[in-house]
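Observations on the model geometry
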Amino acid sequence: MMQYEQVALTEPKVIESTLGIADNHDGTYTVTAAKQFTRKNDQVLSMKFTKNGLVVLTGYLRMITETE
């Protein structure tokens, strides 16, 4: 499985925040956001997208960053 991961900016009381995208090789992709805390349970959220859904999501992100 091919996976890409990016570490987010630091936040108080958070060890690390990451956003990852994995190719499931069945025409879908899983996007996972995770936060690791020092003394709390980690938070992990995963969502599955079709290729078209992922294209739309990345298009939104590009649109947001181009207008700033």
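For the structure given in this document, a descriptive report is provided here. Bear in mind the structure is a predicted one, so any value in this text is a computation, not a measurement.

1. Comments concerning the side chain of Ser 17
- Residue placement: Ser 17 occurs in strand β2 (residues 14–23).
- Judged by relative accessible area, which is 7%, Ser 17 ranks as buried.
- There is a polar contact of 3.4 Å between the side chain of Ser 17 and the side chain of Glu 11.
- Discounting chain neighbours no more than four positions away, the residues touching Ser 17 are Gln 6, Val 7, Ala 8, Glu 11, Ala 34 and Lys 35.

2. A short note on the layout of surface pockets
- Roughly 320 Å³ of internal volume is contained in the largest pocket.
- Along the wall of the largest pocket there are 15 residues; nearest its centre are Leu 19, Ile 21, Val 31, Leu 57 and Leu 61.
- Of all the secondary structure elements, the ones that give two or more residues to the lining of the largest pocket are β1 (3–7), β2, β3 (28–37), β4 (43–50) and α1 (51–67).
- Among the elements that make up the lining of the largest pocket, the one with the highest residue count is α1 (4 residues).
- Residues belonging to the lining of the largest pocket are distributed by class as follows: 10 nonpolar, 4 polar and 1 charged.

3. So, the sheet that holds β4
- Taken in spatial order, the 4 strands make up an open sheet running β1-β2-β3-β4, and their pairing is antiparallel. The strands lining the two open edges of the sheet, one partner per strand, are β1 and β4. Pairwise comparison of adjacent strand axes, ignoring direction, gives a mean angle of 15° for this sheet.
- Of the strand pairs in this sheet, β2 and β3 are connected by 9 bridges, and their pairing is antiparallel. The partner of Ser 17 across the bridge, within β3, is Lys 35.
- α1 rests against β2, β3 and β4 of the sheet, and its axis sits at about 115° to β4.

What counts and what doesn't
- Along each chain, residues carry numbers from 1 onward, in the same order as the chain's sequence is written.
- Under the rules for a predicted model, residues below a pLDDT of 70 receive no local features and side-chain atom pairs below 80 are neither given nor counted, while totals for whole chains, interfaces and linings still include all residues.
- Calculated side-chain values reflect all of the structure's heavy atoms, with hydrogen atoms and water omitted.
- In DSSP terms, a helix is any run of H or I states spanning at least four residues, a strand is any run of E spanning at least two, and both are numbered starting from the N terminus.
- Only protein chains enter the accessibility calculation, which uses a 1.4 Å probe; a residue whose area is less than 20% of its type maximum is buried, one above 50% is exposed, and one in between is partly exposed.
- Residues adjacent in sequence count toward polar contacts only when both atoms are side-chain atoms; beyond that, a polar contact is any pair of N or O atoms within 3.5 Å, and within protein one must be able to donate a hydrogen and the other to accept it.
- Any two residues whose heavy atoms approach within 4.5 Å are treated as being in contact.
- Whether a set of points on the 1 Å grid over the protein atoms alone is a cavity depends on a 1.4 Å probe fitting there but being unable to get out, while an open set qualifies as a pocket with protein on both sides within 12 Å along at least five of seven lines; lining residues are those with an atom within 4 Å of a point.
- Grid points are joined across faces, edges and corners, and a volume is the space filled by probe spheres set on the points.
- Amino acid classes used here: Ala, Val, Leu, Ile, Met, Phe, Trp, Tyr, Cys and Pro are nonpolar; Asp, Glu, Lys and Arg are charged; the rest, including Gly, are polar.
- Think of it this way: DSSP has to see at least two bridges between two strands before they count as a pair.
- Convention adopted: a line fitted to C-alpha atoms gives each axis, helices being fitted over their contacting stretch, and angles between N-to-C directions are expressed from 0 to 180 degrees.

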